[in-house]
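Notes for the structure review
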Amino acid sequence: PVRERTHRLQNLEIFEMEARLLRDAPLVVSLRLAFDGGVFDRLLRGPLASDGLGLPRDAADRLMVLLGAGGVVERHGDGLGGDLWCLSPDFAVLLGVRATSFAARVRFAALALADLLNHSDDWLTQRARFMQSAQTFRFFDYGRARETKAAALEDTAPWVRYVTALTELEGPVLAPHIPVGDCTDLLEIGGNTGAMSLALLALNARLTATVLDLPAVCKLGEAYVAGHSDAERIAFCAADASRDDWPRPGGRPAQTVLFKSVLHDWETPAAKEMLRRAFDYLPSGGRVVVCERGTVGEEPFSGGTPCAADLVFAGFYRPPEAYEQMLAGLGATLGDRRSLRLGMTFHIVWGTKP
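Treat the numbers as computed from the prediction; the structure is a model and nothing was measured.

Cut-offs and rules
- Residues numbered from 1 in each chain as written.
- Predicted model: local features only at pLDDT ≥ 70, side-chain atom pairs only at ≥ 80, totals over all residues.
- Heavy atoms only, no water.
- Helix = DSSP H or I, 4+ residues; strand = E, 2+ residues; numbered from the N terminus.
- Rg over C-alpha atoms; globule rule 2.2 N^0.38 Å.
- Buried < 20%, exposed > 50% of the residue type's maximum accessible area, 1.4 Å probe, protein only.
- Salt bridge = Lys/Arg side-chain N within 4 Å of Asp/Glu carboxyl O.
- pLDDT = per-residue confidence, 0-100.
- Contact = heavy atoms within 4.5 Å.
- Disulfide = S-S within 2.5 Å.
- Polar contact = N/O pair within 3.5 Å; in protein donor to acceptor, adjacent residues only side chain to side chain.

1. Describing the overall build of the protein chain
The number of helices and strands found in the protein chain is 15 helices and ten strands. Relative to the 2.2 N^0.38 estimate, which gives 20 Å for 354 residues, the radius of gyration of the protein chain is 22 Å and therefore close to what a compact globule would have. Seen along its three principal axes, the alpha-carbon backbone of the protein chain occupies a region of about 75 × 45 × 40 Å. The buried share among the 354 residues of the protein chain stands at 51%.

2. Here's the deal with the pattern of salt bridges
Taken as a whole, this structure holds 23 salt bridges when the rule is applied. A salt bridge links arginine 233 to aspartate 230; the nearest nitrogen and oxygen atoms lie 2.9 Å apart. For aspartate 230, a relative accessible area of 12% translates into the label buried. Here arginine 276 makes a salt bridge to glutamate 273, at a shortest N to O gap of 2.5 Å. Placement of both arginine 276 and glutamate 273 in helix H13 (residues 268-281) is noted, with a separation of three residues, approximately one turn of the helix.

3. Describing the confidence of the model for the protein chain
For the protein chain, mean pLDDT is 91; residues scoring 70 or higher make up 94% of the total. Between residues 1-9, whose pLDDT stays under 50, and residues either more than four places distant or in other chains, the model counts 13 contacts.

4. A few points about the state of the cysteines
Working definition: the covalent bond between the sulfur atoms of two cysteines is a disulfide. According to the stated counting rule, one finds zero disulfides in the structure shown. Take cysteine 183: it sits in no disulfide, and the sulfur closest to it among the cysteines is that of cysteine 291, at 16 Å. In this structure cysteine 183 comes out as buried when scored by relative accessible area, which is 10%. For the unlinked cysteine cysteine 237, the closest cysteine sulfur is that of cysteine 218, found at 6.7 Å.

5. As for the side chain of serine 261
Its location among the elements puts serine 261 in the loop between strand S6 (256-260) and H13. Side chain to side chain, serine 261 and lysine 260 meet in a polar contact 3.4 Å long. Once residues lying within four places of it in the same chain are set aside, the contact partners of serine 261 are Cys291, Glu292, Arg293 and Phe346.

So, in structure tokens, the structure goes:
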């Protein structure tokens, strides 16, 4: 059944399936426990009784009841008077294509939810104090990503894996709306493992992409794209985008600079400076493209635990007009804004250098 259905599983279908599974807090807890305890690895090999799940029998029974209520596992009689647990057909398909990525989303959702519950007052009114107390911001340890030693790669991998898990779903949906035009060279700033660039390459046969990110991220990105059909069309540049020189593929600047889910990490003066660097880097006729979530206040919010992963960053998101004003202030000719709802609303704003 997994092989029969996998080829029909589309990104939006996966996105909706994962959102449904992440909507219920007790289910998120049970999913995290099952991933961390290797329960799903065992069930992927076939149906098992509770005492074959690697947990004490009473603990396994409790966990299976929670997972069963969420439609993740099913109970079947073994014909010998006992019961066996197996993965539900839909969840087996999901694990077949997204096991590592979905596990990353589950773990981060649990982390974000705990931060919102434990530090809700700070989240609402004291952003700086929330950043100091919340585990979420220790999870994204950019400082360790400046090295490529084994320990630094190990520390960087969890948050890189989480960002990749999101972009694998978002990229193919957003890519048709990213205005690369006739561009043949793309520079993606803070492109993580290159999942967004790969989505653009899949739509544009003449396009090549360079991802600029911190050294450990680039190392992990090279491993991620290895063996991909478009691996030869994507390169990684290990650098600090705010300080180091930006790469020039073939000795000339790229024609499009993309910031996807990056600029909200920067305070407004620094975000303006990053856009100025992009504008100065580009040739005449080149484009700066910003793809970011909008503010929480403008959202028809859907609720549920998936929102926790966005809400921890709520104080950092800007309205699309903010980026349009920054680009206009640089002298860019603005293009038509494009907006798509993926959990939250993504806005794509862009400007052309005269």
